[in-house]
6 protein chains.
Amino acid sequence: MRILSGSSNLPLARKIAEQLQLPLVETEISAFANGEKRVWIKEKLDGQDVVVVQSFSHPVDEHIMEFLLMLDALERLGARDVHVVIPWLGYSLQDKVFRPGEPIAAKVVAKLVSHAYVKRVYLIDLHNTSIPGFFDVPCSHLSANELFAANVKERFSTEEIVVASPDFGGLKRARQFAALFDAPLVNIDKHRDLTTGKVTAVGLHGNVTDKVVILIEDVILSGGTVTEASDLLKEEGARETHFFSTHGVFTGNALENISSSSIDSVTVANTISHPKLPQKIQTLDLAPMLAETLEEWF
Amino acid sequence: MRILSGSSNLPLARKIAEQLQLPLVETEISAFANGEKRVWIKEKLDGQDVVVVQSFSHPVDEHIMEFLLMLDALERLGARDVHVVIPWLGYSLQDKVFRPGEPIAAKVVAKLVSHAYVKRVYLIDLHNTSIPGFFDVPCSHLSANELFAANVKERFSTEEIVVASPDFGGLKRARQFAALFDAPLVNIDKHRDLTTGKVTAVGLHGNVTDKVVILIEDVILSGGTVTEASDLLKEEGARETHFFSTHGVFTGNALENISSSSIDSVTVANTISHPKLPQKIQTLDLAPMLAETLEEWF
Amino acid sequence: MRILSGSSNLPLARKIAEQLQLPLVETEISAFANGEKRVWIKEKLDGQDVVVVQSFSHPVDEHIMEFLLMLDALERLGARDVHVVIPWLGYSLQDKVFRPGEPIAAKVVAKLVSHAYVKRVYLIDLHNTSIPGFFDVPCSHLSANELFAANVKERFSTEEIVVASPDFGGLKRARQFAALFDAPLVNIDKHRDLTTGKVTAVGLHGNVTDKVVILIEDVILSGGTVTEASDLLKEEGARETHFFSTHGVFTGNALENISSSSIDSVTVANTISHPKLPQKIQTLDLAPMLAETLEEWF
Amino acid sequence: MRILSGSSNLPLARKIAEQLQLPLVETEISAFANGEKRVWIKEKLDGQDVVVVQSFSHPVDEHIMEFLLMLDALERLGARDVHVVIPWLGYSLQDKVFRPGEPIAAKVVAKLVSHAYVKRVYLIDLHNTSIPGFFDVPCSHLSANELFAANVKERFSTEEIVVASPDFGGLKRARQFAALFDAPLVNIDKHRDLTTGKVTAVGLHGNVTDKVVILIEDVILSGGTVTEASDLLKEEGARETHFFSTHGVFTGNALENISSSSIDSVTVANTISHPKLPQKIQTLDLAPMLAETLEEWF
Amino acid sequence: MRILSGSSNLPLARKIAEQLQLPLVETEISAFANGEKRVWIKEKLDGQDVVVVQSFSHPVDEHIMEFLLMLDALERLGARDVHVVIPWLGYSLQDKVFRPGEPIAAKVVAKLVSHAYVKRVYLIDLHNTSIPGFFDVPCSHLSANELFAANVKERFSTEEIVVASPDFGGLKRARQFAALFDAPLVNIDKHRDLTTGKVTAVGLHGNVTDKVVILIEDVILSGGTVTEASDLLKEEGARETHFFSTHGVFTGNALENISSSSIDSVTVANTISHPKLPQKIQTLDLAPMLAETLEEWF
Amino acid sequence: MRILSGSSNLPLARKIAEQLQLPLVETEISAFANGEKRVWIKEKLDGQDVVVVQSFSHPVDEHIMEFLLMLDALERLGARDVHVVIPWLGYSLQDKVFRPGEPIAAKVVAKLVSHAYVKRVYLIDLHNTSIPGFFDVPCSHLSANELFAANVKERFSTEEIVVASPDFGGLKRARQFAALFDAPLVNIDKHRDLTTGKVTAVGLHGNVTDKVVILIEDVILSGGTVTEASDLLKEEGARETHFFSTHGVFTGNALENISSSSIDSVTVANTISHPKLPQKIQTLDLAPMLAETLEEWF
């Protein structure tokens, strides 16, 4: 097995390679003056199994194209079975036709990956668990839940915590998460306008008074949901609010807003690489879980 | 027939639509905060033939992804035959494996287009005329030659001109071009180091003394080739140097370099949209030719 | 346009044909002694556009195979564009991998339909709105909402009604439905054990005292959800409970249970054909909507 | 290599697994209340070669769908090379367009198998030996001939036997079969009305007086052919009539008719599982041959 | 509709075009000095429906490659629906694996045709009627039977004729043919060694004394079968023997052998073009039937 | 690994097999009387990796069809990974649409190879280095350059030689070749009429007086280019002219023309098998390079 990294999340790829005690395949990824990506894999890989690690994170279209170029080069080099780890699947939130005339962008991306000489895809905590059905190659759908649960148990006393989901969609995962340390569950009822996407009303079902509230989510985008949820919980008497989100996308002023908010801490997995994150945000490493999963295959 | 434009070259799409006396299909192309493209085609197109106009110009990966999203939306809307005009085919210069371990990027792009619910592709003055063989859908390969020849005849007296190609690769096209107004041909012999791409030697075959030299090329990138060619020609006695290049990519300081060079004028077609070009560079409109070609099909 | 019906929902096909003032294509569908289906389309259809109507209802596997045989025959007959109306998409509830080692049955069915000489699929009120992304042919996703809303307005005074969803998953649709006649929304909070599928707790958010409660759902299977919801609502003071569900699958003793329950009425669309339904259950006809949609295409 | 069985012929799968000294893969195949099949493969199979055993016997459509669901699950589990043994290929008798407007059902089934993540198919004594050409995956076409010949030699003295085919179509196989023990060949000339399929005339070419007649066929359906052939042979002086047929489909009253007929014995292979067969019908086991064939591949 | 002819059977293509009152598309088919075919279609065909006529007759591989080149050119020219008439399908007799290690050549050819931008195929009197199942595009399977029957009625008095098949395989077609003029049927029982293909025994079932025997077959290869059959029939008292065979392949010395044999006449259809045939062999024209069939489609 | 040879270049296949110390797979390739190829692979190859060697040389269409039949047989036999060595890729010079209405024959051939159960293709010194992009399977593009350079060094003193390309197209390869022994480069400037292909003018850039001129080319067809180049060089003072061309196609009177020309020697690789070549032409063996390359894969 060989590990090959695109340019989107080199730190994660390096950690996976370290776990497996393998060097990364030597690769040169640059760009021509006109912005076109230039990919060069500098090792012979004929007949070898290769794992490609590439997050479809910002700038998402460049990272996708880079990925497709890498896969074409791998095919020409004669790599045998190519598995790909896509820690964050860009476009996965565009998972249906909201208004006639829209594409299903997640399906477009799934088709690109399916056509690209790929034998298996590893995805992590998808917002929509039906998305593996968009692919024409098999997907392993992994979760950061156990990593997060271990962290919760390390940091907090189980008696003082309650688990919450910031909205309905995440309730199922919150319930699975809470079950990992037998914590009670509360629910924030958030109504969104379907066209504009704006939250129009918020309510809380359950008691949080003097509790440490653990909120679990698949993704933080602008941070609006989490800061609002934290404010609501504190108003309702919560002592502390700690967010766990697999994917930290952090668009716009997300990082500033979180830093200056009532949130006590945010924990994300390292599915998306950020040069530097504010102190309030800690990152947990998925490399051991990914390495262990990959080892079963090769 | 309906005309639909991506965001890369709206002026050209508008001109084609005008030629055909058709309104552009109403479309909204925006981006989410995390940089993901959002495409919305706002009209019913079921059973209609649609022409999509999108240049794969800078930022090339975004324009390609936008294109794929548009095509997915068109398929869901039930458009009948979809033809696509790709005035500048980004990645077309990466047309072979130069070093083992490289992709054939032009093939990757051709496959993306071929998979995307497309019935026919219109391409213009490809650097490599075998590229239509990379596609699994039929391509019409068009040329700006006649448009350029008409412009030459308008501006210059045929007796005073000679035609030149700035390098070997373009000699065939230069010969075809010169034949359109019976001008003599000169040849600039430019040696490039194959690894670095740097020009290592230049020579001139033919007489240019006191002549108006018309240089014809498929694409201007950094402008280095054209400014060097112009300098050489002037040293050899040329009175004026005028460049005709279908695609004006203009990377880096190309525009400044051309403006301050010995070149008398540069003429490009409008395959790539630029907000503003310096006075020395004029743009000719391909919309009439494209409109006429499209009309034969629908 | 020609209409061709499989054996699963001949009454609906006949009604669509009547709306379009077309005869059904003459077809003979029988079975050999060993149970193999035998399909014979008795008319020439070369170059004609054909709409196939087949519900993937019980016995679902036979109806799917019959459908595939019809499509093969249509291809050999040279039908031009074949659109298929699948009023109830069997296997659509198996839309993800619940436990490792399970198939995504909905994807398997989507692939069968996608491979089978089909240009467009019409689906109705899918439980999971991402399912069109499982298909490799475009889908039109239609809804019975407007038909149901018209029926509500006819039967009830808007002031006395509240709209409810029997569970979280349907809340979005309930909200869209309630918006059609500006009714208030209540929410039944139903917790299910994820492995067993059993409901473990139920709660109500909102006031139903002395109200006529309109419940909206995509599908009724065993009827357990609806009878429990009705009991809960009546306990909480509701005057009447009326269910609207697009698909009436009615497994096991569903019909008996509904008849003897506290429910005042159940309304379903005719996506699944039943020889006879108890008095409490009324059926509304989707043929006018389908006919109108189809007419836009041909 | 792992052996996985569908629900259609578990006894054969068990015997193959025994021959290979392998346990069957643990699998749960059930149905939801609405009749939809539910498949769950309970073991990890990543990177393993898997042989699936499933007869496309009655109820044929359910067994086919179950097969497709198993294959989808195997793909998601990451099984490496999947070979499938289809001892009886349902729909294989619908192998051409008899009347315009009919499908080629055997081709439809072959396409389903070809699309379903299958590397090789094992088929047994097909009625039409061109059917492997319907598949897009390679087929191994095996025969029960040698198993049957060994049984004939065990039970009968070679001098007293003659071999017969009940109709023209089977003459080639009968000749091959007779060659295995150098027996003379007789031929029953059976005319069928092509539309109705009814036998309109029967004749015998060859002498059977006081002979033990061994009849060889690929499949027994209603048993009409074999009982008529036996009656004719007995009228012409045959002492005993023994039928060997690879596939015992036994539709309608076949079992009763055979039991009460002039036939002395019927021997079938275990390609189709029957809970209980009358005394006159014996079953021979193909598992040793299949196991031996499979062992060559893995 | 436009008619385009390959070089294998220009006379038939011209006759079809005449029937339809259309000129043939102007085409230049030549070869380079190294034997590579060079195809040039000299007319614009964008958006037009095109019928290609090409017999896969000797030299079969050249005619197949020429066909594939024509189809590629048609696709690039943008022809709309391309239907192909393959009057004689070369390789169709290699329709199964006779010995392990052999290809199914008929399937290979069917795949080539299916991949080649073809919407529908017209085939004539295939030896094996399951071959349409080898194609992935729909086939219309036509027959010369009615043309031949009309010719029989014209030339002979119905009372004096009997119909015969030279072997078992053709018995079904002979029966269908005899039914067209209510003639009695006789059967020549020809045993072939399966490996060598040599006839090892011949017998006659039925009375031919003083009769005009009409023999019907799909194809004449070396003529051995027909001359032997004629000799046998004459020995058994037949007055005249007349053969009707759709395809006259005539390998080796077939023409000489037939001329000098006891056969009174041979009639073939013009599926294969021969520069000159001996007097005993007449050719009937399928162009009217083909033209009529094609007209139904366009 | 097993080596299987078609009939086009058995000597090369035998040499590769010898290098690898493997026997060739026993195969019987013959033709039926009607000219149809008959392929029979006489060994079991299930699960084995197979290398097929077949030159697409004259008669090119027969060699291609033979190749496709071999591949179909290999698939049915269950060969695992099939790699194919195509030493001379027939039709590779028809690599673009020269005139509208022409096919891209090289693409047609590439598609045939890509569809034919092939995992990797080995090609040698293609005239157009973009042709690997026509294939949908990965290609290894090998060169005879090093073999030729070794031969040059063996035969000539480096000081006395200059390297020349007979035309522009080959200049890049000539430069790479000259770099292998640091020889100076001269250039023959040959103008061709684009429609007729006739050379209209020739010029020489560089000094060849009293030099041994080594000319390098990818392919010799009619030999016209090489004899003209030799004459020109001798006129300009060259002492000797020696041609190195990977592919010796030798059409028409090429062999006679070369023999009687001013050329001192011609060296070709054994990509195309010739029964006998004149004394002036020597053949170098590519088997060691091919064997070494293949060994890296298996």
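This structure is a prediction, so every number in the text was calculated from the model and none was measured.

**Concerning the overall build of chain A**
Phase 1: When helices and strands are counted, chain A shows eight helices and 14 strands.
Phase 2: Since a compact globule built from 298 residues should have a radius of gyration of about 19 Å, the 20 Å found for chain A is in line with a globular shape.
Phase 3: Every one of the 298 residues in chain A was classed for burial, and the buried ones make up 60%.
Phase 4: Long-range contacts, defined as pairs at least 24 residues apart, comprise 62% of the intrachain contacts of chain A with a sequence gap of at least 6.
Phase 5: Element-wise, carbon and sulfur atoms account for 48% of the exposed surface of chain A, whose accessible area totals about 10900 Å².
Phase 6: Mean positive and mean negative side-chain charge positions of chain A (28 and 39 charges, respectively) differ by 3 Å.

**Comments concerning a negative patch on the surface**
Residue and element names in this part refer to chain A.
Phase 1: Among the surface-exposed residues, Glu228, Asp231, Glu235 and Glu236 lie close enough to one another that they form a single negatively charged patch.
Phase 2: Along the chain, Asp231 falls in helix α6 (residues 224-235).
Phase 3: Here Asp231 falls in the partly exposed class, since its relative accessible area comes to 36%.

**Description of the side chain of Gln94 of chain C**
Phase 1: You can see Gln94 of chain C is positioned in the loop between β5 (82-86) and α3 (105-115).
Phase 2: The contact partners of Gln94 of chain C, leaving out residues within four places of it in the chain, are Ile104, Ala105 and Ala106 of chain C together with Phe32, Glu36, Lys37 and Arg38 of chain D.

**Some details on the relation of the copies chain B and chain A**
Phase 1: For the pair chain B and chain A, the relating rotation is 180 degrees, the translation along its axis is 0.0 Å, and the fit reaches an RMSD of 0.0 Å. Taken together, the turn and the small shift mark the pair as related by a two-fold rotation axis. Among all residues of chain B, the one whose C-alpha sits closest to the rotation axis is Asp61 of chain B, at a distance of 2.7 Å.
Phase 2: Counting the interface residues of chain B, we find that 100% of their copies in chain A are interface residues as well, pointing to one common contact surface.

**A few points about helix α8 (residues 287-295) of chain A**
Residue and element names in this part refer to chain A.
Phase 1: When α8 is considered as a whole, its buried residues turn out to be Ala287, Leu290, Ala291, Thr293 and Leu294. Angularly, the buried residues of α8 cover 165 degrees about the axis, an arc narrow enough to put them on a single face.
Phase 2: Tucked inside the fold, the buried residues of α8 contact α1 (10-19), β4 (50-53), β5 (82-86), β6 (120-124) and β7 (139-142).

**Quick look at unusual backbone geometry**
Phase 1: Looking along the chain, the bond that leaves His58 of chain C and enters Pro59 of chain C is cis, with omega of -5 degrees.
Phase 2: Look at Asp182 of chain D: it is not a glycine, yet its phi comes out positive at around 55 degrees.
Phase 3: Looking at the secondary structure, you find Asp182 of chain D in the loop between α5 (171-179) and β9 (185-192).

**Structural notes on the interface of chain D and chain C**
Phase 1: At the junction of the two partners, chain D supplies 43 residues and chain C supplies 43 residues.
Phase 2: Across the chain D to chain C interface the summed buried area is about 3800 Å²; carbon plus sulfur atoms make up 59%.
Phase 3: Applying the counting criterion to the chain D and chain C interface returns two salt bridges.
Phase 4: Lys37 of chain C serves as the salt-bridge partner of Asp61 of chain D, at 3.8 Å between the closest nitrogen and oxygen.

**Thoughts on the relation of the copies chain D and chain C**
Phase 1: After a rotation of 180 degrees and a shift along the axis of 0.0 Å, chain D superposes on chain C with an RMSD of 0.0 Å.
Phase 2: By residue overlap, the copies meet face to face through one surface: 100% of the interface positions of chain D are interface positions in chain C.

**Some points on the interface of chain B and chain A**
Phase 1: In this assembly, 43 residues from chain B lie in contact with 43 residues from chain A.
Phase 2: Each partner contributes to the roughly 3800 Å² buried at the junction of chain B and chain A, and carbon and sulfur atoms together form 59% of this total.
Phase 3: At the boundary of chain B with chain A, the tally comes to 15 residue pairs in polar contact (both at pLDDT 80 or more).
Phase 4: Mapped by element, the contributors of at least two residues to the side of chain B that touches chain A are β3 (37-41), α2 (60-77) and α3 (105-115) of chain B.

**So, the sheet that holds strand β5 (residues 82-86) of chain B**
Residues and elements named next belong to chain B.
Phase 1: Spatially, β1-β4-β5-β6-β7 is the arrangement adopted by the five strands of the open sheet, whose pairing is parallel. Strands at the two margins of the open sheet, each flanked by one partner only, are β1 (2-5) and β7 (139-142). Adjacent strand axes in the sheet meet at a mean angle of 20 degrees, parallel and antiparallel pairs treated alike.
Phase 2: Its contacts with the sheet place α2 against β1, β4 (50-53) and β5, and it is angled at close to 170 degrees to β4.

**Let's talk about the sheet that holds strand β5 (residues 82-86) of chain F**
Residues and elements named next belong to chain F.
Phase 1: Taken together, five strands build an open sheet; the order of strands is β1-β4-β5-β6-β7 and the sheet is parallel. With partners counted over all chains shown, the strands left at the sheet margins are β1 (2-5) and β7 (139-142), one partner each. Each neighbouring strand pair of the sheet contributes to a mean axis angle of 20 degrees, computed without reference to strand direction.
Phase 2: Pairing of β1 with strand β4 (residues 50-53) involves four bridges; the strand directions are parallel. Bridge pairing links Leu4 to Val52 in β4.

**What to know about the packing of aromatic side chains**
Phase 1: Under the defined criterion, the tally for this structure stands at 27 aromatic pairs over all chains.
Phase 2: The ring of Trp40 of chain D carries the charged tip of Arg99 of chain C above its face, separated from the ring centre by 3.5 Å.

**Let's talk about the pattern of salt bridges**
Phase 1: For the structure shown, the criterion picks out 96 salt bridges over all chains.
Phase 2: A salt bridge links Lys234 of chain B to Asp264 of chain B; its shortest N-O distance comes to 2.7 Å. Highlighted residues: Lys234 of chain B in helix α6 (residues 224-235) and Asp264 of chain B in the loop between α7 (254-259) and β13 (265-269), separated in sequence by 30 residues.
Phase 3: A residue is classified by how much of its surface remains accessible, and Asp264 of chain B, at 32% relative accessible area, is partly exposed.
Phase 4: When salt bridges that share partners are traced, they join Glu160, Asp210, Arg239 and Glu240 of chain A into one network.

**Comments concerning the arrangement of the chains**
Phase 1: With no contact between them, chain B and chain D keep their nearest C-alpha atoms 19 Å apart.
Phase 2: One thing to see here is that chain A and chain E don't touch, and their nearest C-alpha atoms sit 19 Å from each other.

**Overview of the environment of Val118 of chain C**
Residue and element names in this part refer to chain C.
Phase 1: By the secondary structure assignment, Val118 is in the loop between α3 and β6 (120-124).
Phase 2: On the basis of relative accessibility, which here comes to 8%, the residue Val118 falls in the buried class.
Phase 3: As for Val118 and Asp231, which are separated by 113 residues in sequence, their C-alpha atoms are 44 Å apart.
Phase 4: Among all residues touching Val118, those that are not within four sequence positions of it are Phe67, Leu71, Val82, Val84, Val113 and Val137.

**Description of the packing of helix α2 (residues 60-77) of chain C against helix α2 (residues 60-77) of chain D**
Phase 1: α2 of chain D packs onto α2 of chain C with a crossing angle of 90 degrees between their chain directions and a minimal axis gap of 8 Å. In this view, α2 of chain C runs roughly perpendicular relative to α2 of chain D, as classed from their interaxial angle. The segment α2 of chain C lies against α2 of chain D, with Asp61, Glu62, Ile64 and Met65 of chain C engaging Asp61, Glu62, Ile64 and Met65 of chain D.
Phase 2: Class assignment of the residues belonging to the contact of α2 of chain C with α2 of chain D gives a composition of four nonpolar, no polar and four charged.

**Thoughts on the pairing of β5 of chain B**
Residue and element names in this part refer to chain B.
Phase 1: For β5, the buried fraction is high: five of the five residues fall into the buried class.
Phase 2: Along β5, one buried face is formed by Val82, Val84 and Ile86 and the opposite face, lined by His83 and Val85, is buried too.
Phase 3: Sheet analysis places β4 next to β5, joined by four bridges and oriented parallel. From the neighbouring strand, Val51 faces β5, where its bridge partner is His83.
Phase 4: You can see the chain leave β4, run along α2 and come back into β5, and the turn it takes is right-handed.
Phase 5: Strand direction decides the pairing type here: β5 and strand β6 (residues 120-124), joined by four bridges, are parallel. By the bridge assignment for β6, His83 is matched with Arg120.
Phase 6: Where the polypeptide runs from β5 across α3 and back to β6, its parallel neighbour, the crossover connection is right-handed.

**Some points on the environment of Asp72 of chain C**
Phase 1: Examined against the element boundaries, Asp72 of chain C turns out to sit in helix α2.
Phase 2: Taking the C-alpha atoms as reference points, Asp72 of chain C and Val39 of chain C, separated by 33 residues in sequence, lie 9.8 Å from one another.

**Notes on the side chain of Asp218 of chain B**
Residue and element names in this part refer to chain B.
Phase 1: Mapped onto the secondary structure, Asp218 falls in strand β11 (residues 212-220).
Phase 2: Among buried charged residues, Asp218 stands out as having no salt bridge; its nearest opposite-charge side chain is Arg173, 5.4 Å away.
Phase 3: One polar contact links Asp218 to His127, side chain to side chain, over a distance of 2.8 Å.
Phase 4: Residue contacts for Asp218: discarding those within four places in its chain leaves Asp125, His127, Arg173, Ser245, Thr246 and His247.

**Brief notes about the confidence of the model for chain A**
Should the pLDDT be low somewhere, the predicted coordinates at that spot are not to be read in detail.
Phase 1: Of the residues in chain A, 95% reach a pLDDT of 70 or more, and the chain-wide mean stands at 93.
Phase 2: The ipTM, which scores confidence in the relative placement of chains, is 0.94 for this predicted complex, and the corresponding pTM is 0.94.

Cut-offs applied
Residues numbered from 1 in each chain as written. Chains lettered and ligands numbered in written order. Predicted model: local features only at pLDDT ≥ 70, side-chain atom pairs only at ≥ 80, totals over all residues. Heavy atoms only, no water. Helix = DSSP H or I, 4+ residues; strand = E, 2+ residues; numbered from the N terminus. Rg over C-alpha atoms; globule rule 2.2 N^0.38 Å. Buried < 20%, exposed > 50% of the residue type's maximum accessible area, 1.4 Å probe, protein only. Contact = heavy atoms within 4.5 Å. Areas by Shrake-Rupley, 256 points an atom, 1.4 Å probe, with all protein chains shown as cover. Lys, Arg positive; Asp, Glu negative; His and termini not counted. Charge placed at Lys NZ, Arg CZ, Asp CG, Glu CD. Patch = residues over 30% accessible without salt bridge, like charges linked within 9 Å, V, L, I, M, F, W, Y side chains within 5 Å. Salt bridge = Lys/Arg side-chain N within 4 Å of Asp/Glu carboxyl O. Least-squares fit on C-alpha atoms with pLDDT ≥ 70 in both. Arc of directions from axis to C-beta. Buried area = accessible area lost by both parts, 1.4 Å probe. Polar contact = N/O pair within 3.5 Å; in protein donor to acceptor, adjacent residues only side chain to side chain. Pairing = 2+ DSSP bridges. Axes fitted to C-alpha atoms, helices over the stretch in contact; angles between N-to-C directions. Phe/Tyr/Trp six-rings, centres within 6.5 Å; stacked < 30°, edge-to-face > 60°. Lys NZ or Arg CZ within 6 Å of the ring centre and 35° of its normal. Parallel < 35°, antiparallel > 145°, perpendicular 65-115°, else oblique. Nonpolar A, V, L, I, M, F, W, Y, C, P; charged D, E, K, R; others polar. Right-handed = clockwise from strand over helix to strand, strands pointing away. pLDDT = per-residue confidence, 0-100.

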